[in-house]
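Observations on chain architecture
Spelled out from the first residue to the last, the chains are:
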Amino acid sequence: MRFEAITWERLGDALAERLLDLKPDDGSPWPRVAFDGAPAARPDDLARRVADALQIRGRGSLAVGTEGFLRPASLRFEYGREDADAYYDGWFDSAALWREVFGPLESGGTGRVLPDLWDPVTDRATRSPAVPLAPGGVLLLHGPFLLGRWYPFDLTVHLRLSPGALSRRTPPDQHWTLPAFERYESDVDPDGTADILVRADDPRHPAWRG
């Protein structure tokens with residue numbers, strides 16, 4: 001397995017170049033790409049870098065974060081506020097992602113994607129309007145635990161942190177989530193499952209295999 005050292009800027013450009021020719025297998029006009037990783041790995045930053053690089057190249061895209069599709073607090077905290085298994089299995093609203101994000105991008109879909117659904121601060125619906133994604137535009141979905149759930153991605157990128165780096169870069173009040181990422185490694189093997197693997201231990205100089 002050969003990794004190439006790279007800067008974040010060059011990585012964003014390299015991924016954008018790869019996405020220019022990406023065609024969905026199901027005949028949809030909208031490629032769907034996962035940027036999978038723990039919050040400490042900042043998959044949102046990489047997704048936005050790729051979105052900017054695609055814009056420069058004349059390709060539309062929409063970055064959507066799964067943090068906007070959390071379930072209501074009454075469901076997230078049913079087993080306590082610091083239950084790692086609940087975080088892994090029950091915090092993110094998969095049904096809403098299928099309905100509001102993936103469904104409109106199926107072949108024959110409307111292309112109108114809801115960018116978020118639930119505000120975890122107010123614990124209320126965001127009421128954001130749907131955003132139209134023109135045919136050929138790329139969905140860039142970012143967040144944790146995206147692999148192994150049968151989401152219809154056409155390309156998957158996993159940002160990996162070693163256990164030590166994950167612990168160091170996760171705020172102390174979020175350390176209770178660390179067992180969930182251990183479980184994810186064991187259950188899904190994201191390193192081996194993802195199409196592109198990014199080692200993000202050094203926040204300045206990642207390495208990638210793609």
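The structure under discussion appears in the preceding block.
Cut-offs and rules
- Residues numbered from 1 in each chain as written.
- Predicted model: local features only at pLDDT ≥ 70, side-chain atom pairs only at ≥ 80, totals over all residues.
- Heavy atoms only, no water.
- Helix = DSSP H or I, 4+ residues; strand = E, 2+ residues; numbered from the N terminus.
- Contact = heavy atoms within 4.5 Å.
- Areas by Shrake-Rupley, 256 points an atom, 1.4 Å probe, with all protein chains shown as cover.
- Phe/Tyr/Trp six-rings, centres within 6.5 Å; stacked < 30°, edge-to-face > 60°.
- Lys NZ or Arg CZ within 6 Å of the ring centre and 35° of its normal.
- Buried < 20%, exposed > 50% of the residue type's maximum accessible area, 1.4 Å probe, protein only.
- Arc of directions from axis to C-beta.
- Pairing = 2+ DSSP bridges.
- Axes fitted to C-alpha atoms, helices over the stretch in contact; angles between N-to-C directions.
- Expected span 1.5 Å × (residues − 1).

So, about the overall build of the protein. Counting secondary structure elements, the protein contains 8 helices and 11 strands. If you line up the protein on its principal axes, its C-alpha atoms span 45 × 40 × 25 Å. Pairs at least 24 apart in sequence give 75% of the contacts found in the protein among residues at least 6 apart. Surface accessibility of the protein: about 10,500 Å² in total, with carbon and sulfur atoms responsible for 50%.

A few words on the packing of aromatic side chains. Summed over the entire model, instances satisfying the criterion amount to 16 aromatic pairs. In this structure an aromatic cluster arises from ring pairing among Phe77, Tyr87, Tyr88, Trp91, Phe92, Phe145, Trp176, Phe181 and Tyr184. The ring of phenylalanine 77 has arginine 76 lying over it, and the distance from NZ or CZ to the ring centre is 5.0 Å. Over the aromatic face of phenylalanine 3 sits the side chain of arginine 199, whose NZ or CZ is 3.9 Å from the ring centroid.

Let's shift gears to helix 7 (residues 178–188). Because the α-helix completes a turn every 3.6 residues, residues three or four places apart line up on one side. Along helix 7, the residues that are buried comprise Leu178, Ala180, Phe181, Tyr184 and Val188. Along helix 7, the residues classed as buried sweep out an arc of 160° about the axis, all on the same side. Opposite the buried face of helix 7, at more than 90 degrees from it, the exposed residues are Glu182 and Ser186. Next to the buried residues of helix 7 lie strand 2 (32–36), helix 4 (84–90), strand 9 (155–160), helix 6 (163–169) and helix 8 (190–193). Backbone geometry just downstream of helix 7 places aspartate 189 in the positive-phi region, at approximately 55°.

On to the sheet that holds strand 9. Taken in spatial order, the 7 strands of this open sheet run 1-11-10-9-2-8-3, and their pairing is mixed. If you trace the sheet from one side to the other, it starts and ends with strand 1 (4–5) and strand 3 (61–65), each paired once. With 2 bridges connecting them, strand 1 and strand 11 (residues 207–209) associate as antiparallel partners. Its bridge partner being in strand 11, alanine 5 is matched across the sheet by alanine 207. Helix 2 (residues 43–56) contacts strand 2, strand 3, strand 8 (138–143) and strand 9 of the sheet and is inclined by roughly 165° relative to strand 8.

In this model helix 1 (residues 8–19) runs 16 Å from its N-terminal to its C-terminal C-alpha over 12 residues, within 8% of the 16 Å that 1.5 Å per residue would give. Taken as a whole, helix 1 has its buried residues at Trp8, Leu11, Gly12, Leu15, Ala16 and Leu19. Buried residues of helix 1, viewed axially, fall in a sector of 135°; they line one side. Its buried side turned inward, helix 1 meets strand 2, helix 2, strand 8, strand 9, strand 10 (196–199) and strand 11.

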